[in-house]
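So you can see what is in the structure, the chains are spelled out below.
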Amino acid sequence: MLDPQRLSIHQVTLPPSLATPAFVELLARHRVPATSLWREKTRAHGVAATARLVADHGIALTGYCFAGLIASPDPSEAAAARDDVRRALDEAAQLRAPCVVFVAGGVDARDRDIAAARARVLDGLAELVPHARAVGVRLALEPLHPMICATRSVLSTVKLANDWCDRLGAEDAVGIAVDTYAVWWDPEIGREIARAGARICSFHVSDWLADTQDLRLDRGMPGDGVIDLAGLRRQVEEAGYRGHVEVEIFSQRNWWQRDPDEVVRTIAERAQVAL
Ligand code: ZN
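The following paragraphs examine the structure supplied in this document. (Residues numbered from 1 in each chain as written. Predicted model: local features only at pLDDT ≥ 70, side-chain atom pairs only at ≥ 80, totals over all residues. Heavy atoms only, no water.)

Okay, the coordination of the zinc ion next. For the zinc ion, the full set of protein donor atoms is Glu 142 (OE), Asp 179 (OD), His 204 (ND1) and Glu 248 (OE), and the range of their distances to it is 2.1 to 2.2 Å. Each donor residue of the zinc ion belongs to the same chain, with the gaps between them written as E-x36-D-x24-H-x43-E. Here Glu 248 lies in the loop between strand E8 (245–247) and helix H10 (260–273) and Glu 142 lies in the loop between strand E5 (138–141) and helix H6 (158–168), a separation of 106 residues in the sequence. On the basis of relative accessibility, which here comes to 2%, the residue Glu 248 falls in the buried class. (Donors = N, O, S within 2.8 Å, 3.2 Å for Na, K, Ca; no water. Helix = DSSP H or I, 4+ residues; strand = E, 2+ residues; numbered from the N terminus. Buried < 20%, exposed > 50% of the residue type's maximum accessible area, 1.4 Å probe, protein only.)

The next point concerns helix H9 (residues 229–238). Listing the buried residues of H9 in full gives Leu 229, Gly 231, Leu 232, Arg 233, Val 236 and Glu 237. Residue Gly 240 follows H9 closely and has a positive phi angle near 115 degrees.

The final tally for this structure, using the stated rule, is zero disulfides. The thiol of Cys 99 is unpaired, and the distance to the nearest cysteine sulfur, on Cys 201, comes to 4.6 Å. Free cysteine Cys 165: the closest other cysteine sulfur is in Cys 201, separated by 8.6 Å. Judged by its relative accessible area of 2%, Cys 165 is buried. (Disulfide = S-S within 2.5 Å.)

Let us look at the packing of aromatic side chains. Under the criterion given, the structure shown has five aromatic pairs. Connected via pairs of aromatic rings, a cluster forms that spans Trp 38, Phe 66 and Phe 250. The ring of Trp 255 has Arg 258 sitting right over it, with the charged end atom 4.0 Å from the ring centre. (Phe/Tyr/Trp six-rings, centres within 6.5 Å; stacked < 30°, edge-to-face > 60°. Lys NZ or Arg CZ within 6 Å of the ring centre and 35° of its normal.)

What follows is the structure, encoded as structure tokens:
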């Protein structure tokens, strides 16, 4: 059972057609106290206008999603990608979001070298630390499921995120986002969550459907799948995490087709029984 004051609903959970003002009003109507904003939509509405909108409705931000994809072997491409992360950090500061969700980037067909890609991302992160520190926004390293290692993220486990944090030595500027959908399968997850401790700056929940139809866009509502979400929440809290529990459901075939009020009502109900 989750205290309703600790619920956050990620903007991507609602149908893509729902514009930012209608989304913020929806949260306010249901007294949802926090959200994580989707960067594309924020930029479409305007960063300053979005910052005013959430502040006027008294809604806190638990994150800004996402930036990264800095694994390119081409130095000028990688530099441009790092500049874009710096812009995302500036936007997050303007929005008063505590962290930017950082997605590493995939394996490049030009070199097919996953070890080199990981090394480039770690080097790139070291270059980004001073900017994150200057604007007071953390980079939340988000390990993603290995099924999207090629296209999205060579960072696949919380262990690797911890190893990178050890190497960076910048706990004030770099943390870890634990997303249940991405890491639930990992036999080392309990140990690595405990090791992460205060590095955990964001906790995302959705369920893994046993009959999933699409590995990226068919996430399940908490309680509809096979992940022990309450158990993972207990582990992050035992590690010291006291922040919001952020529901983040990409669901093209189901929840994006539903009435937005029904989606939020269902999340509020499931937060009482499945989290
Ligand atoms: Zn996530």
